[in-house]
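Here is what each chain is made of, one letter per residue.
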Amino acid sequence: MKLRIAYFTDTYYPEINGVANTLSRLHGYLEKNQIEHIFFAPEYSEETAEDYILRFKGIQVPFSPNSRLALSLPFHTMIKKKVLEFKPDLIHIVTEFTIGNEGLRIARETGIPLVTSFHTNIDQYLQYFHAKLLEKPVKAYFKNFHSQALLTLCPSQQTYHQLKEQGYTHLDIWSRGVDTTLYSPDKRNGRWRKQFGDDKFICLYVGRLSFEKGLDIYLDAIRKWNKSGGEDNTVFLFAGDGPYREYLESCGMDNVKLTGFVRGEMLAQLYADCDLFVFPSGTETFGNVLLEAMASGRPCICTDSGGVTDFAVHGENACVVKDRDSDALYHAIGNLKENVLLRRKLSVGALKTAKQRSWSSVMDDLMNSYEEVLDSLWAKQA
């Protein structure tokens with residue numbers, strides 16, 4: 001069955017995050033398989049025109065300056081006309097904000113079958129932005145939003161069970177893959193090591209620099225590390241941007257270095273050049289960057305919370321520590337720095353895990369989920 005699909009998302013390339021990366025991969029898959037599709041997405045400043053995307057200007061989000069809150073509501077009539085002309089078999093809403101709400105309204109008005117996907121634990125993030133009082137209404141909003149879909153897709157088993165416990169129905173898995181051609185141990189060329197010290201043990205974090213990523217716990221572990229005498233032989237690299245950047249820059253530790261945003265081939269080289277990947281976040285619905293580090297053959301440290309638990313196994317392909325425990329993180333860094341054999345074992349396990357998660361199979365599963373939804377709908381109407 002050749003489907004026609006309309007996607008509504010509040011994030012897309014060139015914004016850098018797990019959802020935008022996944023959607024870029026999805027577009028490549030759809031093009032390769034000649035599956036007709038259209039994206040409704042925010043407009044950013046540096047992109048060129050694409051014939052498969054209809055973009056909308058928006059405003060910057062204060063706590064996430066690289067994001068855009070698109071102003072799509074004034075263009076409702078035009079968007080609806082575009083959707084009706086495209087004649088999609090289904091609408092897939094990726095996010096729950098302005099463009100996502102536009103997609104929801106159009107699905108209701110046209111009767112086009114609706115699928116949604118759940119990507120971000122916004123309710124968990126609120127406590128890090130001193131807005132915990134909003135947790136219940138935000139949870140209620142998200143549940144009502146996704147209840148209007150025939151299917152809600154989750155990136156991990158952990159998210160699936162979390163939503164099921166909250167009373168969500170009609171759930172399925174849309175997992176994540178990794179490009180083992182782009183991310184590979186073969187990309188190690190020493191470029192980053194020359195910049196930050198060939199003789200240093202380099203620990204890398206990649207991702208949004210924000211409070212919900214457990215970076216306060218990581219910094220606490222780094223302070224303990226430096227006090228124990230490790231400051232002179234270890235560098236802690238942070239690749240990314242976000243509201244926590246200013247705090248990292250002013251933390252007063254000379255071996256804490258920031259690279260800013262890194263992407264593509266340069267990011268692949270960065271992963272491969274480091275000695276250890278540290279990912280302290282316990283709020284992920286999946287954790288794409290952890291899988292990228294694994295594909296790069298890096299020994300990894302992660303937490304025992306969130307979507308990373310779907311594929312990170314302690315002692316086999318990662319060192320898994322208790323979430324928000326700086327002592328555990330500090331000791332894990334020390335253990336892996338001193339234990340070369342354990343690093344090699346985790347690297348081998350990490351590569352094996354990454355090779356089992358191709359983007360092609362992940363997108364095949366997504367198409368199968370679409371077809372199952374439509375088959376079930378048509379069977380009821382027959």
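Sequence order as written defines residue numbering, which begins from 1 separately in each chain. For a predicted model such as this one, the threshold for reporting local features is a pLDDT of at least 70, and the threshold for listing and counting side-chain atom pairs is 80 or more; totals across whole chains, interfaces and linings nevertheless cover every residue. Each side-chain value is derived from all of the structure's non-hydrogen atoms; neither hydrogens nor water enter the calculation.

### Remarks on the packing of aromatic side chains
Stage number 1. Only the six-membered ring of Trp is used, alongside the rings of Phe and Tyr, when aromatic pairs are assigned; centres must lie within 6.5 Å, and planes under 30 degrees apart are stacked while those over 60 apart are edge-to-face, with the rest tilted. Inspection of every chain in the model, using the stated rule, returns 23 aromatic pairs.
Stage number 2. Centroid distance Phe118 to Tyr168: 6.4 Å. Interplanar angle 85°. Geometry classified as edge-to-face. Placement of the pair is Phe118 in the loop between strand 7 (114-117) and helix 4 (122-125) and Tyr168 in the loop between helix 6 (157-165) and strand 9 (171-173), with a sequence separation of 50 residues. Across this residue pair, the class does not change: Phe118 and Tyr168 are buried.
Stage number 3. Arranged with centres 6.0 Å apart and planes meeting at 80°, the rings of Tyr218 and Phe236 form a pair that is edge-to-face. Placement of Tyr218 in helix 8 (residues 215-230) and of Phe236 in strand 11 (residues 234-239) is noted, with a sequence separation of 18 residues between them. As far as burial versus exposure is concerned, Tyr218 and Phe236 are alike and both buried.
Stage number 4. The structure contains a cluster of three or more aromatic residues connected by ring pairs, namely Tyr183, Tyr205, Tyr218, Phe236, Phe238, Tyr271, Phe277 and Phe279.
Stage number 5. Working rule: Lys NZ or Arg CZ, within 6 Å of ring centre, within 35 degrees of ring normal, means a charge sits over the ring. For the cation-ring pair, Arg4 lies above Phe86, with the distance from its terminal atom to the ring centre recorded as 4.4 Å.
Stage number 6. Geometry around Trp174 places Arg176 over its ring, the cationic atom sitting 4.7 Å from the centre. Each helix corresponds to a stretch of at least 4 residues labelled H or I by DSSP, and each strand to a stretch of at least 2 residues labelled E; elements are numbered beginning at the N terminus. Exposure is judged per residue with a 1.4 Å probe applied to protein chains only, and the accessible area is read against the type maximum: over 50% gives exposed, under 20% gives buried, and values in between give partly exposed.

### Concerning the sheet that holds strand 14 (residues 300-303)
Stage number 1. Here the rule is simple: two strands pair whenever DSSP picks up at least two bridges between them. Pairing in this open sheet of 6 strands is parallel, and the strands run 12-11-10-13-14-15 from one edge to the other. Looking at the sheet topology across the chains shown, the edges are occupied by strand 12 (256-260) and strand 15 (319-321). With strand direction ignored, the average angle separating the axes of adjacent strands in the sheet is 25°.
Stage number 2. Direction of pairing for strand 10 (residues 201-206) relative to strand 11: parallel, over a ladder of 6 bridges. Bridge pairing in strand 11 links Val206 to Ala239.
Stage number 3. This element, helix 11 (residues 288-295), spans strand 10, strand 13 (276-278) and strand 14 of the sheet and lies at about 160° to strand 14. Lines fitted to C-alpha atoms define the axes, with helix axes restricted to the stretch in contact, and inter-axis angles between N-to-C directions lie between 0 and 180 degrees. Contacts between residues were defined by any pair of non-hydrogen atoms, one from each residue, lying within 4.5 Å.

### Re the layout of surface pockets
It is a probe the size of a water molecule, rolled over the atoms, that shows where empty space is left.
Stage number 1. Points on a 1 Å grid over protein atoms alone make up a cavity when a 1.4 Å probe fits among them but cannot get out, and a pocket when they form an open set with protein on both sides within 12 Å along at least five of seven lines; lining residues each have an atom within 4 Å of a point. Grid points are joined across faces, edges and corners, and a volume is the space filled by probe spheres set on the points. Reported here for the second largest pocket is a volume of approximately 250 Å³.
Stage number 2. In this structure, the second largest pocket is lined by 15 residues; those nearest its centre are Arg25, Tyr29, Lys32, Trp359 and Ser360.
Stage number 3. Only helix 1 (18-32), helix 13 (340-355) and helix 14 (359-381) provide two or more residues apiece to the lining of the second largest pocket.
Stage number 4. Looking at the lining of the second largest pocket, the element that brings in the most residues is helix 1, giving 4 residues.
Stage number 5. Charged residues are taken to be Asp, Glu, Lys and Arg, nonpolar residues to be Ala, Val, Leu, Ile, Met, Phe, Trp, Tyr, Cys and Pro, and polar residues to be all remaining types, Gly included. Its residues assigned to classes, the lining of the second largest pocket comprises 5 nonpolar, 5 polar and 5 charged.

### Notes on the packing of helix 12 (residues 326-338) against helix 13
Stage number 1. Packing of helix 12 against helix 13 leaves a shortest axis separation of 5 Å and a crossing angle of 100°. The angle between helix 12 and helix 13 places the two elements in the roughly perpendicular class. For the pair helix 12 and helix 13, contact is made by Asn335, Leu336, Lys337 and Glu338 and by Val340, Leu342, Arg343 and Leu346, respectively.
Stage number 2. By residue class, the composition of the contact of helix 12 with helix 13 is 4 nonpolar, 1 polar and 3 charged. Angle categories are assigned with fixed cut-offs, so that under 35 degrees is roughly parallel, over 145 is roughly antiparallel, 65 to 115 is roughly perpendicular, and the rest are oblique.

### Quick word on the environment of Tyr13
Stage number 1. Tracing the sequence through the fold places Tyr13 in the loop between strand 1 (4-8) and helix 1.
Stage number 2. Classification of Tyr13 as partly exposed rests on a relative accessible area of 44%.
Stage number 3. Residues Tyr13 and Ala41, spaced 28 residues apart in sequence, show a C-alpha to C-alpha distance of 9.2 Å.
Stage number 4. Those residues in contact with Tyr13, other than ones at most four positions away along the chain, are Ala20, Ser24, Tyr44, Arg55 and Arg263.
Stage number 5. A distance of 3.4 Å separates the side chain of Tyr13 from the side chain of Arg263, its partner in a polar contact. Whenever two N or O atoms come within 3.5 Å, that pair is a polar contact, provided that in protein one can donate a hydrogen and the other can accept it, and provided that, for residues adjacent in sequence, both atoms are side-chain atoms.

### Some points on helix 5 (residues 135-147)
Stage number 1. Multiplying 1.5 Å by the residue count of a helix minus one yields the expected span of that helix. Taking 1.5 Å of rise per residue, the 13 residues of helix 5 would be expected to cover 18 Å, and the 18 Å separating its terminal C-alpha atoms lies within 8% of that figure.
Stage number 2. By the burial criterion, the buried members of helix 5 are Val138, Phe142, Phe145 and His146. The buried residues of helix 5 occupy an angular sector of 85° when projected down its axis, which confines them to one face. Turned more than 90 degrees away from the buried face of helix 5 sit Lys136 and Ser147, all of them exposed. The directions from the helix axis to the C-beta atoms are what the arc is built from.

Any functional reading would require information that these geometric values do not contain.
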